[in-house]
Amino acid sequence: MDYYEVSEARHMKGLRLVLSAGVPGPWGEAAKGLFQVRGVPFIPVAQVPAQANSDLVAWTGVRNAPVAVYEDEAPRTSWLDILMLAQRLGDGPPLLPADPYLRALAIGISHEICGQWGYGWCRRLMIFARLWGEEACRNPGELPPDQRQLARQYDFRPETLASAPQRLRDILRMLNDRLEAQRQMEHCYLVGDSLTAADIYWATFSAMLEPLPHDLNPMPDELRDLYADQGDAVDGIDTAPLIEHRDFIYRNHLKLPLDF
Ligand SMILES: N[C@@H](CCC(=O)N[C@@H](CS)C(=O)NCC(=O)O)C(=O)O
């Protein structure tokens, strides 16, 4: 993907989408998927993962990605605000059901995937633990400054780390139960009988369970290993239906191969 620098993009018009350049970050891949499904073109803007990104902070107030900046409106940094923007713009299929009960369900499931204490949040803690080692897990305050900043931002503490695998298993079981219940009603999606944002979030976040093969997701090998390594966290969970659902959504609704 050809990215613009923040210094160029902040003076442009239209939708600017700040993404972690060179990395298929699940929140960023999801944001791209939402806008693509709605048929909304965006200008990709580079964020440098794990760095201070001071030019981005000066523009949007945050150092991480994704950030969606539409015209002269305030920057949107949370997954839900980005979803609501994608739903407002464009004319592709709706990302949320019209029925308010189903809409609440789709947003609730999406939160379990991308919100605080959601699937992605728990997986990230586990990935940091593997990357930084046992001493960091016991004492994150002793990490070097750059990593300490990430640890603080993403709530990496012995207590959160200890709870993450169980929380993650609960969420995966809920998704499996949901797919099974839907299958019994002959529905192919997580909510109702058509695509919602929840399906897009699961397809993109499932990279942290099992990344798509290299020809579809040419991510760096080191990162692939980190994303794929679950330790024993998913032992006893039937992941096949979750991966089948990922493939179904990518095949029918999202762009392949990934371009980041
Ligand atoms: N603010 C987003 C989440 C953003 C987020 O977690 N971004 C991570 C994705 S792993 C990121 O940018 N990581 C790289 C970094 O912090 O530099 C939301 O609430 O939906």
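Values in this document were obtained by computation on a predicted structure and should not be read as measured data.

> Looking at this structure, how should I read the packing of aromatic side chains?
The description of two aromatic rings rests on the distance between their centres and on the angle between their planes. Applying the stated rule across the entire model yields 11 aromatic pairs. Taking 6.5 Å as the distance between ring centres and 55 degrees as the angle between the ring planes, the aromatic pair formed by F35 and F42 counts as tilted. For the pair F35 and F42, one class covers both residues: buried. Taking the centre distance of 4.6 Å and the plane angle of 45 degrees together, the rings of W117 and W121 count as tilted. With relative accessibility at 24%, the residue W117 sits in the partly exposed group.

> Can you walk me through the packing of helix α2 (residues 26-38) against helix α4 (residues 79-88) in this structure?
Describing two packed helices takes the angle between their axes plus the distance from one axis to the other. Orientation of α2 relative to α4, taken along the N-to-C sense of each, is 15 degrees, at an axis distance of 9 Å. By the angle between their directions, the pair α2 and α4 is classed as roughly parallel. Seen along the crossing, α2 lies across α4 with a hand that is right-handed. Across the interface between the two elements, W27, A31, L34, F35 and R38 of α2 pack against W79, I82, L83, L85, A86 and Q87 of α4. Class assignment for the residues of the contact of α2 with α4 results in nine nonpolar, one polar and one charged.

> Can you walk me through the domain arrangement of the protein chain in this structure?
One widely used convention gives an interface's size as the accessible area the parts lose upon coming together. Partitioning the protein chain into domains gives domain 1 (6-88) and domain 2 (100-253). When each unit is reduced to the centre of its C-alpha atoms, the spacing between domain 1 and domain 2 is 21 Å. Here domain 1 packs against domain 2, burying approximately 1,800 Å² in sum over the two surfaces, 71% of which is carbon and sulfur. Its largest share of buried area at the contact with domain 2, domain 1 owes to P26, W27 and W79, together 36% of the area lost on that side. Taken together, domain 1 and domain 2 are joined by zero salt bridges. Residue assignment for the side of domain 1 that touches domain 2 shows that the elements contributing at least two residues are α2 and α4. Take the side of domain 1 that touches domain 2: its biggest share by element is seven residues, from α2.

> Whenever I open this one, unusual backbone geometry confuses me. Can you help?
Excluding glycine, most residues fall at negative phi; most peptide bonds, likewise, are trans. The amide bond that connects A65 to the next residue, P66, takes the cis arrangement and shows omega of 5 degrees. Among the structural elements, P66 can be located in the loop between α3 (54-60) and β3 (67-70). For the bond from L256 to P257, the omega torsion is -10 degrees, close enough to zero to count as cis. The topology assignment puts P257 in the segment after α12 (240-253). Even without being glycine, E71 reaches a positive phi, approximately 45 degrees. With respect to the helices and strands, the residue E71 is situated in the loop between β3 and α4. Residue E186 is not a glycine yet carries a positive backbone phi of 60 degrees. In this fold, E186 is placed in the loop between α9 (158-184) and α10 (197-205).

> I'm lost on the site of the ligand in this one. Help?
Neighbouring the ligand are 14 residues; A50, R63, A65, R124 and Y154 lie closest to it. In the environment of the ligand, an oxygen atom lies 2.9 Å from a nitrogen or oxygen atom belonging to the side chain of Q47. One of the backbone N or O atoms of A65 is found 2.6 Å from a nitrogen atom in the ligand. When the ligand sits alone it has 510 Å² of accessible area, and the protein chains cover 82% of it. Residue composition of the shell around the ligand, by class: seven nonpolar, five polar and two charged.

Procedures and definitions
- Residues numbered from 1 in each chain as written.
- Predicted model: local features only at pLDDT ≥ 70, side-chain atom pairs only at ≥ 80, totals over all residues.
- Heavy atoms only, no water.
- Phe/Tyr/Trp six-rings, centres within 6.5 Å; stacked < 30°, edge-to-face > 60°.
- Buried < 20%, exposed > 50% of the residue type's maximum accessible area, 1.4 Å probe, protein only.
- Axes fitted to C-alpha atoms, helices over the stretch in contact; angles between N-to-C directions.
- Helix = DSSP H or I, 4+ residues; strand = E, 2+ residues; numbered from the N terminus.
- Parallel < 35°, antiparallel > 145°, perpendicular 65-115°, else oblique.
- Left-handed = near helix turned anticlockwise from the far one by under 90°.
- Contact = heavy atoms within 4.5 Å.
- Nonpolar A, V, L, I, M, F, W, Y, C, P; charged D, E, K, R; others polar.
- Domains from an automatic or database assignment.
- Buried area = accessible area lost by both parts, 1.4 Å probe.
- Salt bridge = Lys/Arg side-chain N within 4 Å of Asp/Glu carboxyl O.
- Near = heavy atom within 4 Å.
- Polar contact = N/O pair within 3.5 Å; in protein donor to acceptor, adjacent residues only side chain to side chain.
- Areas by Shrake-Rupley, 256 points an atom, 1.4 Å probe, with all protein chains shown as cover.

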